Amino acid sequence: MIVLDHLTKRYDAGPAAVTDLSLEVVSGEVCVLIGPSGCGKSTTLRMINRLIEPTSGRIWLEGEDVTAVNPVELRRRIGYVIQHIGLFPHLTVADNVATVPRLLGWDKARIGRRVEELLDLVGLDPAQFADRWPGELSGGQQQRVGVARALGADPPVLLMDEPFGAIDPITRHRLQEEFLDLQKRVRKTVVFVTHDLDEAALLGDRIALLRQGGHLEQYATPGELLGAPASDFVAEFVGADRSLRRLAVTALKAGDATTLGRSKSVPPDAPQLRVGDSLRDALVAILDAPSGSAMVVDDAGVVCGTINAAGLHAAARRSLPD
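Residues numbered from 1 in each chain as written. Predicted model: local features only at pLDDT ≥ 70, side-chain atom pairs only at ≥ 80, totals over all residues. Heavy atoms only, no water.

A. Spatial organisation of the overall build of the chain. The helix and strand inventory of the chain stands at 14 helices and 13 strands. Dimensions of the chain along its principal axes, counting C-alpha atoms only, are 70 × 55 × 35 Å. Within the chain, the fraction of its 322 residues that count as buried is 46%. A separation of at least 24 residues holds for 64% of the contacts in the chain among residues at least 6 apart in sequence. Accessible surface, the chain: about 15600 Å² in total, of which carbon and sulfur atoms supply 51%. Side chains of the chain carry 35 positive and 42 negative charges; the gap between the two charge centres is 1 Å. (Helix = DSSP H or I, 4+ residues; strand = E, 2+ residues; numbered from the N terminus. Buried < 20%, exposed > 50% of the residue type's maximum accessible area, 1.4 Å probe, protein only. Contact = heavy atoms within 4.5 Å. Areas by Shrake-Rupley, 256 points an atom, 1.4 Å probe, with all protein chains shown as cover. Lys, Arg positive; Asp, Glu negative; His and termini not counted. Charge placed at Lys NZ, Arg CZ, Asp CG, Glu CD.)

Below is the structure:
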C-alpha cells in the first residue's frame, strides 16, 4: 500500500505545486492521477520515488516511511516508466531490461532468466528482440521494453508517467489492453499519470482528480467519479457526456437481466451479451436490435435473461453510489 500523508511541494517563494495531498493506494490496484496541466500530477509521482523531495508531509510504502530512507535504494524497489521511454541507446534490449538486476548484483544466469521471462511477459520474443538496439524498434516495442525494464527486479510498486502519451492512437489502445492483461497477472501497485480521461477510466481502479496547486478534488472509482461528481470542478472536468463515459466502465451483471418465464423465449433477433460486458456495449446492442432487447449469458453460456432500454437504465442507476 502507498500512503501520501499531507504531502506538500513548494518551490522557493512561489505557489505550491502540491498542497496537503493525502490519499491511499491499495496494494494491487491502479491509482490514476489526472487533472489539468500544472496540477501537480507528475510532481506527485516523482515525490513517491523521491526524484523530487517533498517540502513537507510523509510517504509510506508498505508501512515504511520512505522519506527517511536512502533515495537511491528506494528507486531500485520502484519501477518507473516515462512517456519518452528513456531506454539507453548504447545498450541492447536485453541489457536495458537487465539494468536494475545488474545494479542489485544478481548473477549472470539469474539475470538471463529474468530478461527472457520479462520479454515474454510483455509480448516480445527474446530470441527475436533481446539482441536488438532500441533504435531498431517501433515506439510501441520500445514502450514494452520500458515496462519490462521497470519490472526488472519484481518491484511491488510501478510508477507510470503518461507512458502511452507519445504513441499513435491504434498502438496506444493496444498497449492499454496489454497493460490491463499484464496487471491481471502481476498485480502491482500502480500510480499512473495521464491527461486522458478515457484512459484513466479504462485503466484505473481509482482516479484521483487534482486541480491547480495539487489540491485533491475527488478520489473515487471511475464509475463514482463519472456518476457522482463531488464538485462543480469535477463535473466540468469530466464533461457533459460523463454518463456515456460511465456506461463504458460499468459492467453488465447477471442480475441486470430480466429472467425469462416459462412461456417466454428469447427474441430470435436478439444479439448476445455476456456478463461483464460494459453497459455501453449493451446500449449499442439494444439500439441495433430490431426487438430492442438483447440476450444476456454468463461465462458458462447459460442464458440469464434479456435486457432492454428500461433494464439498462435501471442497471446504470444501480451502479451509482448511494
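Moving on from the coordinates now.
B. Inspection of the packing of aromatic side chains at higher detail. Scanning the model with the defined rule gives three aromatic pairs in all. Measuring from centroid to centroid gives 5.9 Å for Phe-179 and Phe-192, while their planes differ by 55°, and the two rings are tilted. One end of the pair, Phe-179, is in helix H8 (residues 169-186); the other, Phe-192, is in strand E8 (residues 189-193), with 13 residues separating them in the sequence. No difference in accessibility class separates Phe-179 from Phe-192, as the two residues are buried. On the numbers, 6.4 Å between centres and 20° between planes, the contact of Phe-233 with Phe-237 is stacked. Remark: Phe-237 and Phe-233 occur in helix H11 (residues 232-238); sequence separation between them is four residues, near one turn of the helix. In this structure Phe-233 comes out as partly exposed when scored by relative accessible area, which is 27%. Residue classification places Phe-237 among the partly exposed positions, given a relative accessible area of 25%. Site record: aromatic cluster; members linked through ring pairs are Phe-164, Phe-179 and Phe-192. A cation over a ring is seen here: Lys-9 above Tyr-11, with NZ or CZ 5.0 Å from the ring centre. (Phe/Tyr/Trp six-rings, centres within 6.5 Å; stacked < 30°, edge-to-face > 60°. Lys NZ or Arg CZ within 6 Å of the ring centre and 35° of its normal.)

C. View of the pattern of salt bridges. On inspection of all chains with the given rule, the structure shows 16 salt bridges. With its nearest N and O atoms 3.8 Å apart, the salt bridge here joins Glu-73 to Arg-76. Given a relative accessible area of 43%, Glu-73 falls into the partly exposed group. Judged by relative accessible area, which is 25%, Arg-76 ranks as partly exposed. In this structure, the salt-bridge partner of Asp-241 is Arg-245, at a minimum N-O distance of 3.3 Å. Judged by relative accessible area, which is 37%, Asp-241 ranks as partly exposed. A single network of salt bridges, built from pairs that share partners, joins Arg-172, Asp-196 and Glu-199. (Salt bridge = Lys/Arg side-chain N within 4 Å of Asp/Glu carboxyl O.)

D. The arrangement of the sheet that holds strand E10 (residues 215-220) in detail. Read across the open sheet, the six strands follow the order E6-E7-E8-E3-E9-E10; overall the sheet is mixed. The outermost strands of the open sheet, each flanked by one partner alone, are strand E6 (78-82) and E10. Each adjacent strand pair in this sheet contributes to an overall mean axis angle of 15°, direction not counted. As defined by bridge partners, E6 adjoins strand E7 (residues 157-161) across five bridges and the pair is classed as parallel. Within E7, the residue paired with Val-81 across the bridge is Met-160. Packed onto the sheet, helix H1 (residues 41-48) meets strand E3 (30-34), E6, E7, E8 and strand E9 (206-211) and runs at close to 150° relative to E7. (Pairing = 2+ DSSP bridges. Axes fitted to C-alpha atoms, helices over the stretch in contact; angles between N-to-C directions.)

E. Structural context of the pairing of E9. Pairing geometry for E3 and E9, over four bridges, is parallel. Note that in E9 the partner of Leu-33 across the bridge is Ala-208. Relative to E10, E9 runs antiparallel, the two being bridged by five bridges. In the strand pairing of E10, Arg-211 is matched with His-215. Counting the residues in the hairpin turn of E9 and E10 gives three residues, including Gly-213, whose phi is positive at 85°.

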